[in-house]
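Commentary on secondary and tertiary structure
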Amino acid sequence: MAVVGKIRGVRTRRAVALSVAGLMAAPALVLGGGTAAQAASSCTTSTGPYQKQVENYLNRPVDGKQSAADCKAIQSFQRTYGVTPDIGYAGPVTWQTMKTLTAQKAAGKNPNKDKKCPTNKGRIACVDLTRQLSWIQDGSKLKFGPVPIRSGRNGYETRTGSKKIYMRHIKHWSSVYHVWMPYSQFFDGGQAFHSVNLKMWNPPGSHGCVNMRDADARTYWNLLKNGDDVYVYGRKPGT
């Protein structure tokens, strides 16, 4: 019985030690009184360089001065479109996102109005880096889109020009960036159409691929095949 009691005592002390160790290793969020949660929901009081433009876009009173209501409205926009950091600051990334959204909405169902994407190649996927849009057309007929995309960031720009899809892999694993690239359709070296679990306006951009929402990438997968043309033009804002 003494041996059993001793073993139980050792087990009890060991369990207590493990519990203490577990508490010591717990995230700061638990032991720090919610600091991380507070930081995530913080709203800046600083007036941004694009305060008036952002206020006007959001139908706020345009006085060029940050208010608590302004910050909440800007922060809501940032969270809706994946703009980071989402602290309600009217900075260049937020304002550029608003301008890009305006250009995307203006494209409507006639994204190739300026005829920059070739209409003499049959089935073709067009990518407009300036407006961060892509669509598929058959000749001059719009087949699908336009849909928002997320192209290469500064230093990893999506290369422009005429391309062809040369490899497709429905569940591709990137050995370079160690991420899944579902519905990958490669058209230029390591650059491909593929879906990502991110908002299309999330800065700063991809490593060169044309990121798409999952449903859009699936539709591209179903509409395109090896040998189909891709035409990339324009320049992503900020690159």
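Check the entry above for the structure.
Reference entry: report on the structure contained in this document.

Attention now moves to the state of the cysteines. Counted under the stated rule, the structure contains two disulfides. Between the sulfur atoms of Cys43 and its disulfide mate Cys71 the distance is 1.9 Å. Negative torsions about the S-S bond denote left-handed disulfides, and the value of about -120° found for Cys43 with Cys71 makes this one left-handed. With Cys43 in the loop between helix H3 (35–40) and helix H4 (51–57) and Cys71 in helix H5 (residues 68–81), the pair connects residues that are 28 residues apart, well separated along the chain. Owing to a relative accessible area of 33%, Cys43 belongs among the partly exposed residues under this scheme. Given the relative accessible area of 1%, Cys71 is considered buried. One disulfide in the model links Cys117 with Cys126; its S-S distance is 2.0 Å. Of note, the bridge from Cys117 to Cys126 carries an S-S torsion of about -85° and is left-handed in sense. The exposure classification of Cys117 matches that of Cys126, with both residues buried. For the protein chain, numbering the cysteines in disulfides from first to last along the sequence yields the connectivity 1-2, 3-4.

A few words on the packing of aromatic side chains. The tally for this structure, following the rule as stated, stands at nine aromatic pairs. Measuring from centroid to centroid gives 5.0 Å for Phe187 and Phe193, while their planes differ by 50°, and the two rings are tilted. Through a chain of ring-to-ring contacts, the aromatic side chains of Tyr57, Phe77, Tyr81 and Trp201 assemble into a single cluster. Geometry around Trp221 places Arg168 over its ring, the cationic atom sitting 3.9 Å from the centre.

This part is about the nonpolar core. Val127, Phe193, Met212, Tyr220 and Val230 are the most contacted members of the largest nonpolar core, which totals 18 residues. In terms of residues, this core owes the most to one element, helix H7 (residues 214–223), which gives three residues. Setting aside residues up to four positions removed in sequence, Val127 forms contacts with Leu133, Ser134, Ile149, Phe193, Val210, Val230, Tyr231, Val232 and Tyr233. Core analysis: the second largest hydrophobic core is formed by 10 residues, Ala90, Met98, Leu101 and Met200 among them.

Analysis parameters
Residue positions are given per chain, counting from 1 as you read along its sequence in written order. Residue-level local features of this predicted model are given only where pLDDT is at least 70; pairs of side-chain atoms are given and counted only at 80 or more, and the full residue set underlies all totals for whole chains, interfaces and linings. Only hydrogens and water are removed before side-chain values are computed, so all heavy atoms of the structure are retained for them. Pairs of cysteine sulfur atoms within 2.5 Å are identified as disulfides in what follows. Helix and strand definitions here come from DSSP, where helices need a minimum of 4 consecutive H or I residues and strands a minimum of 2 consecutive E residues; each element is numbered from the N-terminal end. Remark: exposure states derive from per-residue accessible area (1.4 Å probe, protein chains only) relative to the maximum for the residue type, with buried under 20%, exposed over 50%, and partly exposed in between. Two rings belonging to Phe, Tyr or Trp (six-membered ring only in the last case) form a pair when the distance between their centres is within 6.5 Å. Interplanar angles under 30 degrees mark stacking, angles over 60 mark edge-to-face geometry, and anything in between is tilted. Whether a charge sits over a ring comes down to the Lys NZ or Arg CZ being within 6 Å of the ring centre and within 35 degrees of the ring normal. Nonpolar cores are built from buried Ala, Val, Leu, Ile, Met, Phe, Trp, Tyr and Cys residues. Side-chain atoms within 4.5 Å join them into one set. Contacts are assigned to residue pairs with any non-hydrogen atoms lying within 4.5 Å of each other.

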